[in-house]
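Chain by chain, the residues:
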Amino acid sequence: MNIEEIRDYCLSLPETNESFPFDETTLVFKVKGKMFAMTDLEHTEWLSVKCEPEYAQELRAKYTEIEGAYHMNKKYWNQINVQGSLNTNFVEKLINHSYNEVVKKMPKKERENLPFLDESE
């Protein structure tokens, strides 16, 4: 997946927007103001996504393209080499998982109209 495909996919998710809250190169995707994905425009081969802690460990053990996210809490964040051998559908499922992780932690009133995205492989 390239950066344009990642951006298009993330922005297609409900209530998602993009911003540069940290600096001029770190592109962040948020659902209702909560971050679920980010990439550095100078290193677009990496995408950081939120992940359930046990699943994060499983993914890192299984795929060399997935590791703890740089500068993030590695318990909850993975970085994915999107230019590696992982297929687009799988990367999209990991983005969906990240989105779902953020949505499920929102207060009930905030998440009422947000769908639960498909994460099946």
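For the structure itself, look to the data block above.
Residues numbered from 1 in each chain as written. Predicted model: local features only at pLDDT ≥ 70, side-chain atom pairs only at ≥ 80, totals over all residues. Heavy atoms only, no water.

**Notes on the overall build of the protein**
Applicable threshold: By the criteria applied, helices consist of DSSP H or I runs no shorter than four residues and strands consist of E runs no shorter than two, each listed in order from the N terminus. A radius of gyration in this sense is built from C-alpha atoms; the matching globule rule multiplies 2.2 Å by the number of residues raised to 0.38. Relative accessibility under 20% of the residue-type maximum defines a buried residue, over 50% an exposed one, and the middle range a partly exposed one, all with a 1.4 Å probe and only protein chains included.
Helix and strand counts for the protein come out as four helices and six strands. Counting helices and strands in the order they occur from the N terminus, the protein gives α-β-β-β-β-α-β-β-α-α. Scaling as 2.2 N^0.38, a compact globule of 121 residues should have a C-alpha radius of gyration of about 14 Å, and the protein matches this with 13 Å. The proportion of buried residues among the 121 residues of the protein is 46%.

**So, the pairing of strand β3 (residues 34-40)**
To keep it simple, the criterion reads: Strand pairing is assigned whenever DSSP detects at least two bridges linking the two strands.
Here β3 lies mainly inside the structure; five of its seven residues are buried. Across six bridges, the pairing between strand β2 (residues 26-31) and β3 is antiparallel. Across the sheet, Lys-30 pairs through a bridge with Met-35, a residue of β3. What sits between β2 and β3 in their antiparallel hairpin is a turn of two residues, with Lys-32 showing a positive phi close to 50 degrees. Relative to strand β4 (residues 43-50), β3 runs antiparallel, the two sharing three bridges. Residue pairing across strands places Met-38 opposite Ser-48, the latter belonging to β4. Taken together, β3 and the strand that follows it, β4, pair antiparallel across an intervening segment of two residues.

**Some remarks on helix α1 (residues 3-12)**
Applicable threshold: Here the arc refers to the set of directions running from the helix axis out to each C-beta atom. Any two residues whose heavy atoms approach within 4.5 Å at even a single point are treated as in contact. Definition of a polar contact: a pair of N or O atoms within 3.5 Å, with one able to donate and the other able to accept a hydrogen when the atoms are protein atoms, and with sequence-neighbouring residues admitted only if both atoms are side-chain atoms.
Of all the residues in α1, the buried ones are Ile-3, Ile-6, Tyr-9 and Cys-10. What you see down the axis of α1 is that its buried residues fit within an arc of 130 degrees, all on one side. Its buried side turned inward, α1 meets β1 (16-19), β2, β3, β4 and α3 (88-104). Looking at where α1 begins, the residue whose side-chain oxygen comes 3.0 Å from the main-chain nitrogen of Glu-4 is Asn-2.

**Details of the nonpolar core**
Test applied: To define a nonpolar core, start from buried Ala, Val, Leu, Ile, Met, Phe, Trp, Tyr and Cys residues and group those joined through side-chain atoms within 4.5 Å.
If you look at the biggest cluster of nonpolar residues, it comprises 31 residues, and the most contacted ones within it are Phe-36 and Ile-95. Contributing elements (two or more residues each) for this core: α1, β2, β3, β4, α2 (53-62) and α3. With seven residues, the single largest contributor to this core is α3. Membership of the second largest hydrophobic core comes to six residues, among which are Met-38, Ala-69, Met-72 and Trp-77.

**Let's talk about unusual backbone geometry**
Positive phi outside glycine occurs at Lys-32, with the angle close to 50 degrees. Considering the arrangement of structural elements, one finds Lys-32 in the loop between β2 and β3. On the basis of relative accessible area, Lys-32 is assigned to the partly exposed category, the value being 34%. The backbone of His-71 shows a phi angle near 65 degrees, a positive value even though the residue is not glycine. Turning to its location among the elements, His-71 is positioned in the loop between β5 (66-68) and β6 (77-81). Residue His-71 is classed as exposed on the basis of its relative accessible area of 65%.

Function cannot be inferred from these measures alone, as they are strictly geometric.
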